[in-house]
Amino acid sequence: MPDRDEVQVSWIKTTFAPLSLDVFRNIWIAGTMSNLGSVIQATATAWLMTTLTTSPVLIASVQTAANAPTVLFALVAGTSADLFNKRMQMLFANALCFLAIVLLIYLMLQNAITPIWLLTLTAIISIGSVAFMPAWHSSVTEIVPRHMLPAAISLNNLAFNVARAAGPAIGAEIIALAGVAVAFGTNAFSFGVMIVALLSWRHRPAPKPLLPETIGNAVIDGLRFVTLSPGLRLHMLRGFLLTLFGSAVLALQPVVAVNLGAGTRGFGILLSGFGFGAIVGSLTVVWFRTRVSPDRQLSMAMALFGTASMLLALSTSLLQASASLFLCGIAWTQSAATLQVTVQTSCPRWVTARTISVFSTLFALGIAIGAIFWGSVALVLNLSVALILSSVGMIATAAMSTLIRIHDPEDAELQPRFDMKRTPMPSISPRSGPAWITVEYQVPPNNIEDFLSLMREYAFIRKRCGARNWILVQDIDNPEILNEQFQCPTWNDYLHSVSRVVVGDSDIQSRVGKLCNGLPTGRRVLERPTRAKELPSAPVEARKQQPLKSSVRGSEAK
């Protein structure tokens, strides 16, 4: 048995291992400063708005301006990060935030700041942050090895939670001593540090053998991939339920302070209790992950959150409430970090940023919907009932997580099956299309039932790789012949669908093949206007290596 010192050294080495990588360390330090600057900015913005207007609507709109861009633009930002240079997107995002803050400071110094200007610039800064996050989170999978990913994500959460715990107090002191403009300047400086860190990263993105998709098609393909992946759907649902039920604690802390008669200082103690719990949770994510499975870690964390929420509902003193919130903070970070790691390691790289963006959007929606709902419950009934009901929902979600098991793929299963640089393809204009693909199977009568069952599963793979209008048809005159047919909008979309097939998909394809007589045969048919130029012949290598035959189907010119 290892002694206590060895265990402590092992925990420290595992938790902080990603900081040994120069690129991750530099951006993480800059990100920690940026998180702190953003919390200071939020504190200063809320305070400044109260000096500009007494309208509760405008004061409350600060939160809307800060959070609405996440729901509106997260998926587009994730799509852009998947298609283009992630480092350039992060640089653009931070430059946008920096310039918006500089303009905000200028307007303040000119005494020209108004509530509308403040809300507009707050929204622009939030858009920059939304553009940065999926690009950074998906870059982490490229910067650190897979076995370090849980530690890297927990360190990112640690940076955020340290900022959330210390930022409001630091921001309040800066405002009191030097004014709101200096608080904004602090955030501008933090974005400048991040820009320097990104410029020092000699990022060499791997060359992409295919032309990028259009943003619209890429957004649709990202959503299709998530909705057609059973494991990811379950993780997304867990994340939404976590925030839906957990938002009661996040949103009702001020009400807890009022009911306890704790005052402003007491409210600060409650916030600190949750914040310090979140820090402890961030530091122990990796320690727990080395001892229990991710599913069990998530279930335990959610059960702890539900139990602590119930204790908070029954608290009669500031000490009891603070202790309950401390446990809530630990459980919240453990749950969120575990889900983040699971989501990021359950999808191939071509769709990582989009998957993270969908997860972030559902996370934000859960908090937004839950905060309104539990606030209404507390208003109509009372605070204790709202917290108890939310805790019951959280514990029920934890129980559900223990009952449902989903296979999360290993890294090797998510690697591309085909190297598009070495896969011969006909030289066809990428915009030509639509492309129709037909695969013919000859299935003995006694295998047809099993074949149809497997093809239902295979259809999900085809569709999440980009196939449209997938159907399975059976020959009336020869029932042993079944044809799989699907469409891709353009030849470029077809090439992308081939590039998205991963090693893990080979198993079901092999099982389908074993049910057939002989190898499946296929044909690629390209719809062409009658006045289109003649297609070049496929290279000999393509005809030898590709199981699908190329041909052209004529159509009238549009």
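Refer to the structure printed above.
Residues numbered from 1 in each chain as written. Predicted model: local features only at pLDDT ≥ 70, side-chain atom pairs only at ≥ 80, totals over all residues. Heavy atoms only, no water.

A. Inspection of the overall build of the chain at higher detail. When its secondary structure is counted, the chain shows 18 helices and five strands. Within the span of the chain, comprising 558 residues, buried residues form 49% of the whole. Here the chain has roughly 26700 Å² of accessible surface; of this, 64% comes from carbon and sulfur atoms. (Helix = DSSP H or I, 4+ residues; strand = E, 2+ residues; numbered from the N terminus. Buried < 20%, exposed > 50% of the residue type's maximum accessible area, 1.4 Å probe, protein only. Areas by Shrake-Rupley, 256 points an atom, 1.4 Å probe, with all protein chains shown as cover.)

B. Representation of the side chain of Gln89. On the secondary structure map, Gln89 appears in helix α4 (residues 86-109). For Gln89, a relative accessible area of 10% puts it in the buried group. In terms of polar contacts, Gln89 uses its side chain to reach the backbone carbonyl oxygen of Ala131, at 2.9 Å. (Polar contact = N/O pair within 3.5 Å; in protein donor to acceptor, adjacent residues only side chain to side chain.)

C. Representation of helix α11 (residues 294-313) in the model. With 20 residues, α11 should cover 28 Å at 1.5 Å per step; its first-to-last C-alpha distance of 29 Å lies within 8% of that length. Those residues of α11 that sit buried are Asp295, Gln297, Leu298, Ser299, Ala301, Met302, Phe305, Gly306, Ala308, Ser309, Leu312 and Ala313. (Expected span 1.5 Å × (residues − 1).)

D. Highlighting a nonpolar patch on the surface. The grouping of Val71, Leu72, Phe73 and Ile127 at the surface amounts to a nonpolar patch, some 330 Å² of accessible area in total. Ranked by the residues each element gives to the nonpolar patch, the list is headed by helix α3 (residues 56-83), at three residues. Checked against the element boundaries, Phe73 lands in helix α3. (Patch = residues over 30% accessible without salt bridge, like charges linked within 9 Å, V, L, I, M, F, W, Y side chains within 5 Å. Salt bridge = Lys/Arg side-chain N within 4 Å of Asp/Glu carboxyl O.)

E. Expanded view of the pairing of strand β3 (residues 481-488). Where burial is concerned, most of β3 is hidden: seven out of the eight residues are buried. Examined bridge by bridge, strand β1 (residues 435-442) and β3 share eight bridges and lie antiparallel to one another. Paired with Trp436 across the two strands is Gln487, which belongs to β3. Pairing of strand β2 (residues 468-474) with β3, which is carried by five bridges, proceeds in the antiparallel orientation. What sits directly across from Leu472, in β3, is Glu484. (Pairing = 2+ DSSP bridges.)

F. Inspection of the environment of Arg417 at higher detail. By secondary structure assignment, the location of Arg417 is in the loop between α14 (383-403) and β1. Here the alpha-carbon distance between Arg417 and Val502, two residues 85 residues apart in the chain, equals 4.7 Å. Aside from chain neighbours lying at most four places away, what touches Arg417 is Val501, Val502, Val503, Ser506 and Gln509. Separated by 3.5 Å, the side chains of Arg417 and Ser506 make a polar contact. (Contact = heavy atoms within 4.5 Å.)

G. Local environment of the side chain of Asp221. If you trace the backbone, Asp221 turns up in helix α8 (residues 215-227). On the basis of relative accessible area, Asp221 is assigned to the buried category, the value being 4%. Polar side-chain contacts of Asp221 include one of 3.2 Å to the side chain of Arg468. In contact with Asp221, not counting residues within four places along its chain, are Glu213, Trp350, Arg354, Gly466, Arg468 and Arg500.

H. Region of interest: the nonpolar core. Counting 45 residues, the largest nonpolar core has Val249, Leu252 and Leu387 as its most contacted members. Residue assignment for this core shows that the elements contributing at least two residues are α8, α9 (230-260), α10 (263-289), α11, α12 (318-344), α13 (352-380) and α14. When neighbours within four sequence positions are excluded, Leu252 is seen to be in contact with Trp374, Gly375, Ala378, Leu383, Ala386 and Leu387. (Core = buried A, V, L, I, M, F, W, Y, C linked by side-chain atoms within 4.5 Å.)

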